[in-house]
Amino acid sequence: MSVQSGGGDIGLGQAVGAVREKTHAGDINITSDPNQKTPRIEARTAHGNIVISLSPKFGADIDAVILTSDADSNTIHSDFTGLQIKSDQIGSRTRIHATGKVNGGGERVELYAEEGDIHLSNLTASPVTIMSPP
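Residues numbered from 1 in each chain as written. Predicted model: local features only at pLDDT ≥ 70, side-chain atom pairs only at ≥ 80, totals over all residues. Heavy atoms only, no water.

Q: Which parts of the structure should I look at to understand the confidence of the model for the chain?
A: In regions of low pLDDT, the predicted coordinates are not meant to be interpreted in detail. In the predicted model, the chain carries a mean pLDDT of 81, and 75% of its residues have values of at least 70. Across residues 126-130, where pLDDT falls below 50, the model places 8 contacts with residues more than four positions away in sequence or in other chains. (pLDDT = per-residue confidence, 0-100. Contact = heavy atoms within 4.5 Å.)

Following this line, the structure appears as structure tokens:
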């Protein structure tokens, strides 16, 4: 499924197959179908947050990037362990980049947010890790 918005929030519940969502200004919320193990997901927002809710058996290779002018207010939050995070300066902005495997890996999950947060949530758990740049 591919969804694009010029401005506004995008929400998708029970995503069964591959997902591609993009908005120029707004939040993106995606909840995976608990019966799916590894659909490909791509989500991009120019000004907003991304929240991905995954089932405990969802396997993925995560590639999440935040580009921000305020590295103290924008972060990557994850209920899943195993993500590596780094940050670097690109001009006057900071790029926060998290990569790693969730539940042994699977299809690629690409997330990109400018001036917003990225949340990787476990559908059955409360948050355990807040990842900040070193």
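Q: What am I meant to see in the pairing of strand 4 (residues 28-32) here?
A: In summary, the side chains of a regular strand alternate between the two faces of the sheet. With burial as the criterion, only one face of strand 4 is covered, namely that bearing Ile 28, Ile 30 and Ser 32; the residues Asn 29 and Thr 31 on the opposite face remain uncovered. Sheet analysis places strand 4 next to strand 6 (residues 50-54), joined by 4 bridges and oriented parallel. When the bridges of strand 6 are listed, Ile 28 appears paired with Ile 50. (Buried < 20%, exposed > 50% of the residue type's maximum accessible area, 1.4 Å probe, protein only. Helix = DSSP H or I, 4+ residues; strand = E, 2+ residues; numbered from the N terminus. Pairing = 2+ DSSP bridges.)

Q: Explanation requested: the environment of Ile 62 in the structure shown.
A: The topology assignment puts Ile 62 in strand 7 (residues 60-68). Contacts of Ile 62, omitting those with residues within four sequence positions, involve Leu 83, Ala 98, Thr 99, Gly 100, Val 102, Val 109 and Leu 120.

Q: Just checking my understanding: could you explain the pattern of salt bridges for this structure?
A: Inspection of the entire model under this criterion finds 7 salt bridges. Note that Glu 114 is salt-bridged to Arg 93, the shortest N-O span being 3.2 Å. Separated by 21 residues along the polypeptide, Glu 114 in strand 11 (residues 107-114) and Arg 93 in strand 10 (residues 93-102) bring together distant segments of the chain. Residue classification places Arg 93 among the partly exposed positions, given a relative accessible area of 23%. Note that Glu 110 is salt-bridged to Arg 108, the shortest N-O span being 3.5 Å. For Arg 108, a relative accessible area of 37% gives the class partly exposed. Linked through salt bridges whose partners overlap, the residues forming this network are Arg 40, Asp 63, Arg 108 and Glu 110. (Salt bridge = Lys/Arg side-chain N within 4 Å of Asp/Glu carboxyl O.)

Q: What am I meant to see in the nonpolar core here?
A: Inside soluble globular proteins, nonpolar side chains tend to come together where they are buried. With 24 residues, the main nonpolar core has Ile 50, Ile 52, Ile 62, Ile 76, Leu 111 and Ile 118 as its most contacted residues. Elements that contribute at least two residues to this core include exactly strand 4, strand 5 (41-45), strand 6, strand 7, strand 9 (83-90), strand 10, strand 11 and strand 12 (118-122). It is strand 7 that contributes the most residues to this core, 4 residues altogether. Ignoring sequence-local partners within four residues, the contact set of Leu 111 consists of Ala 43, Ile 50, Ile 52, Asp 63, Ala 64, Val 65, Ile 118 and Leu 120. (Core = buried A, V, L, I, M, F, W, Y, C linked by side-chain atoms within 4.5 Å.)

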